[in-house]
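Notes for the structure review
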Amino acid sequence: MKYLSSLIAILFSGCLFLSSTSVVDAKIVCRIDGDIYVMEDDGTKRRRLTQNTAPTRDTYPRWSPDGDRIVFTRYMEQNQNSSELFLMNANGTNVQRLTDDNFGDNYPSWSPDGKKIVFRSSRSGKWEVHVMDLATRAVTRLTGLEDGEEGSSTVPDWSPDGAQIVYEKFTEFGKDIYVMSADGTNQRPLLRDLGPAKQRLRFFPRWSLDGKKVLFDDCWVHGNDVQQELRHRLTIVPIGGKSYQVQGLYKEHGDNLIYGIACWMHTDKSLLLDIRLRDKPNPNYDIYRYDLNTQKLTRLTDGEVNEKSPDWIEGPLHVAPRGKKKVTWGTIKK
């Protein structure tokens with residue numbers, strides 16, 4: 001019995017050690033000015049992870065599925081013609097360069113198993129979607145492979161079940177949201193309202209955490225021939241259903257509100273997004289949380305520089321990876 005008690009104590013301490021090394025102490029990762037930061041859901045406990053000096057600048061961070069790592073884009077030049085993908089631990093250590101080709105490599109998204117990263121690249125002469133195997137660093141092009149295909153594809157996001165990738169695609173009618181199998185086959189429009197009568201510019205698609213919906217920015221020209229402007233509306237489309245706008249987001253600010261990138265949070269009950277209010281003095285982007293049920297918009301940051309490109313993760317992760325059922329020590333003991 002004494003031996004069993006000692007063994008249990010050792011195993012328990014070992015579990016605590018594993019937990020402490022894999023726990024994420026923040027839920028939001030974002031870009032502030034030209035560096036990557038992490039913070040809690042309410043904007044507190046802000047911590048800077050990268051330390052850039054001009055002309056380099058970091059942006060578009062994404063949590064790995066287990067919360068242990070962050071992939072991000074680093075612009076290498078002032079004119080932003082060259083950008084590369086980088087990888088680091090969740091605490092900012094062990095920074096690794098994933099691409100080194102002097103082209104544009106950006107907008108990364110993880111596969112659910114954490115073994116691959118899909119991203120856009122200009123290495124073929126135009127923007128196309130590519131995927132990297134992290135073990136071998138081999139890169140495979142997924143879009144723009146058909147002879148005579150015009151336009152380009154960009155800003156991919158991997159579905160939670162790993163089966164599909166959603167992305168932006170330039171078409172003869174503007175820019176629309178497409179979806180394809182994870183191997184690049186079966187490329188098709190996500191929405192059916194393509195055509196001149198429905199000309200749109202649609203940006204930044206993002207899968208919901210349950211994989212049943214896609215969030216994107218629906219943008220179109222508003223006004224007369226003399227004075228025109230782009231009107232933006234955050235839009236959700238259920239897979240196989242009809243799209244609808246997140247109207248409550250615009251109740252207070254209307255078209256004064258411009259958002260950049262949005263993602264889902266809190267089991268798809270809330271959205272995390274960066275917003276610029278155009279009537280502010282020297283308007284810049286801040287990070288907000290929007291509750292889909294209460295339609296409450298909460299500002300999380302309020303700095304004098306751009307605070308953008310937020311990504312959210314479940315929170316402190318112990319032995320169980322993201323998306324898996326958590327098992328407590330008491331359950332294991334029983």
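All of these numbers come straight from a predicted model, not from anything done at the bench.

For the rest of this paragraph, the subject is the pairing of strand β1 (residues 28-32). The element β1 is extensively covered by neighbouring structure, given that 5 of its 5 residues are classed as buried. Neither face of β1 is open: one carries Ile28, Cys30 and Ile32, the other Val29 and Arg31, and all of them are buried. Pairing of β1 with strand β24 (residues 307-312) involves 4 bridges; the strand directions are antiparallel. Bridge pairing links isoleucine 32 to glutamate 307 in β24. Strand direction decides the pairing type here: β1 and strand β2 (residues 35-39), joined by 5 bridges, are antiparallel. Residue pairing in the sheet places isoleucine 28 in a bridge with methionine 39 of β2. Hairpin connection of β1 to β2: 2 residues between the antiparallel strands, including aspartate 33 at a positive phi of 60°.

Before going further, it helps to spend a moment on the side chain of serine 109. Assignment of secondary structure puts serine 109 in strand β8 (residues 105-110). Overall, the relative accessible area of 1% leaves serine 109 in the buried class. Leaving out residues up to four positions away in the same chain, serine 109 has contacts with Arg62, Lys116, Ile117, Val118, Pro156, Asp157 and Trp158.

Core analysis: the largest hydrophobic core is formed by 16 residues, its most contacted members being Leu234, Leu249, Tyr259, Leu273 and Ile275. Within the residue set of this core, elements represented by two or more residues are β18 (228-238), β20 (257-265), β21 (270-277) and β22 (285-291). When near neighbours in sequence (up to four residues on either side) are disregarded, leucine 273 contacts Leu234, Leu249, Tyr259, Ile261, Ala262, Asp286, Ile287, Tyr288, Tyr290 and Pro310. The next biggest cluster of nonpolar side chains, apart from the first, holds 12 residues, and it includes Ile36, Val38, Ile70 and Phe72.

Next up on the list: the environment of valine 155. Within the element layout of this structure, valine 155 appears in strand β12 (residues 153-158). Expressed as a C-alpha distance, the spacing of valine 155 and tryptophan 127, which sit 28 residues apart in the sequence, is 9.4 Å. Ignoring anything within four residues of it in the chain, the contact list for valine 155 reads Tyr107, Arg120, Val166, Tyr167, Glu168, Phe204 and Pro205.

Let us look at the side chain of serine 153. Within the secondary structure layout, serine 153 lies in strand β12. For serine 153, a relative accessible area of 1% corresponds to the buried category. Those residues within four positions of serine 153 in sequence are excluded, and the remaining contacts are Trp127, Glu128, Val129, Thr143, Tyr167, Glu168 and Lys169.

With that settled, the discussion passes to the pairing of strand β4 (residues 57-63). The element β4 is largely enclosed, with a buried count of 7 among its 7 residues. Bridge count between β4 and strand β5 (residues 69-75): 5 bridges; the pairing is antiparallel. The residue of β5 that forms the bridge with arginine 62 is valine 71. Hairpin connection, β4 to β5: the antiparallel pair is bridged by 5 residues, and glycine 67 has positive phi, about 75°.

Before going further, it helps to examine the sheet that holds strand β3 (residues 47-48). Ordered in space as β3-β2-β1-β24, the 4 strands form an open sheet in which the pairing is antiparallel. Edge positions in the sheet fall to β3 and β24, since each of these pairs with one other strand and no more. In this structure, β2 lies alongside β3, joined through 2 bridges in antiparallel fashion. In the strand pairing of β3, valine 38 is matched with arginine 47.

What follows is about the confidence of the model for the protein chain. Scored by pLDDT, the protein chain comes out at a mean of 85, with 81% of its residues at no less than 70. Predicted confidence for residues 317-334 stays below pLDDT 50, and this span has 24 contacts to residues more than four positions away or in other chains.

With the rule as written, the count across this model stands at 5 aromatic pairs. Relative to phenylalanine 204, the ring of tyrosine 107 lies with its centre 6.1 Å away and its plane at 50°, an arrangement referred to as tilted. Of this pair, tyrosine 107 sits in strand β8 while phenylalanine 204 sits in strand β16 (residues 201-207), and the two are 97 residues apart along the sequence. Phenylalanine 204 matches tyrosine 107 in its accessibility class, with the two residues each being buried. On the basis of an interplanar angle of 45° and a centroid distance of 6.1 Å, the ring pair of tyrosine 167 and tyrosine 178 is categorised as tilted. With a gap of 11 residues between them, tyrosine 167 in strand β13 (residues 164-171) and tyrosine 178 in strand β14 (residues 174-181) connect regions that are remote in the sequence. In textbook terms, an aromatic cluster arises when at least three aromatic residues are bridged by ring pairs, as seen for Tyr60, Tyr107, Phe203 and Phe204. The ring of tyrosine 285 carries lysine 308 above its face, with NZ or CZ at 4.2 Å from the centroid.

Thresholds, definitions, all that
Residues numbered from 1 in each chain as written. Predicted model: local features only at pLDDT ≥ 70, side-chain atom pairs only at ≥ 80, totals over all residues. Heavy atoms only, no water. Buried < 20%, exposed > 50% of the residue type's maximum accessible area, 1.4 Å probe, protein only. Helix = DSSP H or I, 4+ residues; strand = E, 2+ residues; numbered from the N terminus. Pairing = 2+ DSSP bridges. Contact = heavy atoms within 4.5 Å. Core = buried A, V, L, I, M, F, W, Y, C linked by side-chain atoms within 4.5 Å. pLDDT = per-residue confidence, 0-100. Phe/Tyr/Trp six-rings, centres within 6.5 Å; stacked < 30°, edge-to-face > 60°. Lys NZ or Arg CZ within 6 Å of the ring centre and 35° of its normal.

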